[in-house]
Amino acid sequence: MSVRAYFTHGSSSLEPEFRDNSGHLARFGNLSQALLTDPNFRLQQIRIRSGASPEGNTAAQRRLTDRRGETIRRYLAEQTGLPVARIEMESVGIDWSGLEDLVAATEMPYRTEALKILRETPEWISRGGKVVDGRKRQLQLLAGGEVWRYMSEHMFPTLRCVEVRLLGQNLAPVLFADTLPAKSANAPRATRDTIVVSHRDTLVVIHRDTVVVSRRDTVVLDCCSGSHPFSMTLRTNLLYDAALIPNIGAEFHLGRGWSLGGNWMYAWWDNDRRHRYWRAYGGEAVLRKYFGRDDSASPFAGHHLGIYGQMATYDFETGGRGYLGDRWSWGGGFEYGYSLPLGRRLNLDFTIGIGYFGGTYKVYDPEDGCYVWKETRQRRWIGPTKAEISLVWLLGRKNINDKKGGKR
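Nothing here was measured: the structure is a model prediction, and the numbers come from that model. (Residues numbered from 1 in each chain as written. Predicted model: local features only at pLDDT ≥ 70, side-chain atom pairs only at ≥ 80, totals over all residues. Heavy atoms only, no water.)

Enquirer: Just to check I follow, could you spell out the sheet that holds strand 9 (residues 258-271) for this structure?
Expert: Strand pairing in a sheet takes place through backbone hydrogen bonds and is either antiparallel or parallel in direction. The strand order around the closed barrel built from 8 strands is 7-8-9-10-11-12-13-14, with neighbouring strands paired in antiparallel fashion. Shown here is a sheet whose adjacent strand axes are inclined to one another by a mean of 20°, direction ignored. Bridge count for strand 7 (residues 232-237) against strand 8 (residues 247-255) is 4 bridges, and the pairing is antiparallel. Across the sheet, residue Leu 234 finds its bridge partner in strand 8, namely Ala 250. (Pairing = 2+ DSSP bridges. Helix = DSSP H or I, 4+ residues; strand = E, 2+ residues; numbered from the N terminus. Axes fitted to C-alpha atoms, helices over the stretch in contact; angles between N-to-C directions.)

Listed below in structure tokens is the structure:
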């Protein structure tokens, strides 16, 4: 939950009527009090971030943002009763990153050129100990000053603000319908916190071979007949990569066609202003049996059958209704695949899996600057739960393909 208080140019005094500061702060105070008294809410931190527009001296703007942040800190302590000990202050001075976001979100004149300056030009360019150029000067000169005048009118007032974010953990969905903020161009952005729980299991594999000799004749034993050289693979699922979900996996050869593998995926893309979230992370463990390969191919080539287990969390929203699985969903099933040798150290693996995937997830809608939970649903899916087109890198002294292809 967040709110913004705006200031006039060069001022650190809070003016209640300016851009409806009093209304926004009052609604924020009501929500804060309701949350603090709710047994399902646990307050973690209060962040105050103050900024300024690019006019004026950099050091002076830094001091100005310090004073603006202190003004709001005093207001919160006196008017809302929020615990001061939980407040964390951040004074950014000139808010260049905020200006870049505003330019990127509009269709202003010379938008591409302005973004290039904001992203690639240092704030100060010095030669021989003297400042000769910089980001602000290039923006002021762009298009004969037209761009600077446009930003001064439409963007700089938005940068002269202090943003307060209330960060906490909701133990159960809570909706205060009578205190939701009204729609406005400066509606506060919702805040989401995620708790990540990591769990690791260790698998110990013990392999024993026994040779019994009952004759006194000379016996020659092949020292390698009961063992295998170390072989493994690193892989990435190209289907997940195409969906902007980075992932990596590893698989280890156990001998006699068996292997044990696992993979992990992680993606966290978001744009609060456009209500777009693309978040997913989770992993999989799989036990496989390879068969149908010829002797010239890697032990990871050819047909394979396997059994797998999965876990994942996610949050998907593409501009409207969103779906949040903030607790682990679990699944498992059986798979079939074929690993095609592409080169001496490279395979392309095609896999499909069918099984069960289940868990709870929440349905929410963005409303009036807040994210409102509509319902909690239970997923119990039986059917296809896995698809792979993976690029596989072969590692190990004898883990190679002497020629492409294999028995099919």
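Enquirer: I tried to follow helix 6 (residues 146-154) on my own but got confused; where do I start?
Expert: The α-helix advances 3.6 residues per turn, and as a result positions three or four apart in sequence lie on the same side. For helix 6, the full list of buried residues reads Val 147, Trp 148 and Met 151. For helix 6, the arc enclosing every buried residue in end-on projection is 100°, short of the 170-degree limit, so these residues lie on one face. Along helix 6, exposed side chains directed more than 90 degrees from the buried face belong to Arg 149 and Glu 153. Looking at the packing, one finds that the buried side of helix 6 touches helix 3 (96-104), helix 4 (111-120), helix 5 (135-141) and helix 7 (156-159). (Buried < 20%, exposed > 50% of the residue type's maximum accessible area, 1.4 Å probe, protein only. Arc of directions from axis to C-beta. Contact = heavy atoms within 4.5 Å.)

Enquirer: I keep staring at the pattern of salt bridges and nothing clicks. Help me out?
Expert: Note that side chains of opposite charge can pair when their charged atoms are close. For the structure shown, the criterion picks out 22 salt bridges. Of the charged contacts, one joins Glu 70 and Arg 74 as a salt bridge, the two residues approaching to 4.0 Å between their closest N and O atoms. Placement of both Glu 70 and Arg 74 in helix 2 (residues 58-80) is noted, with a separation of 4 residues, approximately one turn of the helix. Looking at Arg 74, the relative accessible area reads 40%, which means it is partly exposed. With its nearest N and O atoms 3.6 Å apart, the salt bridge here joins Glu 163 to Arg 165. The residues Glu 163 and Arg 165 share a single accessibility class, namely buried. A network of salt bridges, in which partner residues are shared, links Arg 235, Glu 251, Glu 284, Arg 288, Glu 335, Asp 349, Lys 386 and Glu 388. (Salt bridge = Lys/Arg side-chain N within 4 Å of Asp/Glu carboxyl O.)

Enquirer: Can you walk me through the packing of helix 1 (residues 21-36) against helix 2 in this structure?
Expert: The relative placement of two packed helices is expressed as an angle between their axes plus a distance between the axes. Contact pair helix 1 / helix 2: the axes reach a minimum separation of 11 Å and the direction vectors enclose 60°. Between helix 1 and helix 2, the angle falls in the class oblique. Considering only the axes of helix 1 and helix 2, their crossing is right-handed. Contacts from Leu 25, Ala 26, Phe 28, Gly 29 and Gln 33 of helix 1 reach helix 2 at Tyr 75, Leu 76 and Thr 80. For the contact of helix 1 with helix 2, a count of residues per class yields 5 nonpolar, 3 polar and no charged. (Parallel < 35°, antiparallel > 145°, perpendicular 65-115°, else oblique. Left-handed = near helix turned anticlockwise from the far one by under 90°. Nonpolar A, V, L, I, M, F, W, Y, C, P; charged D, E, K, R; others polar.)

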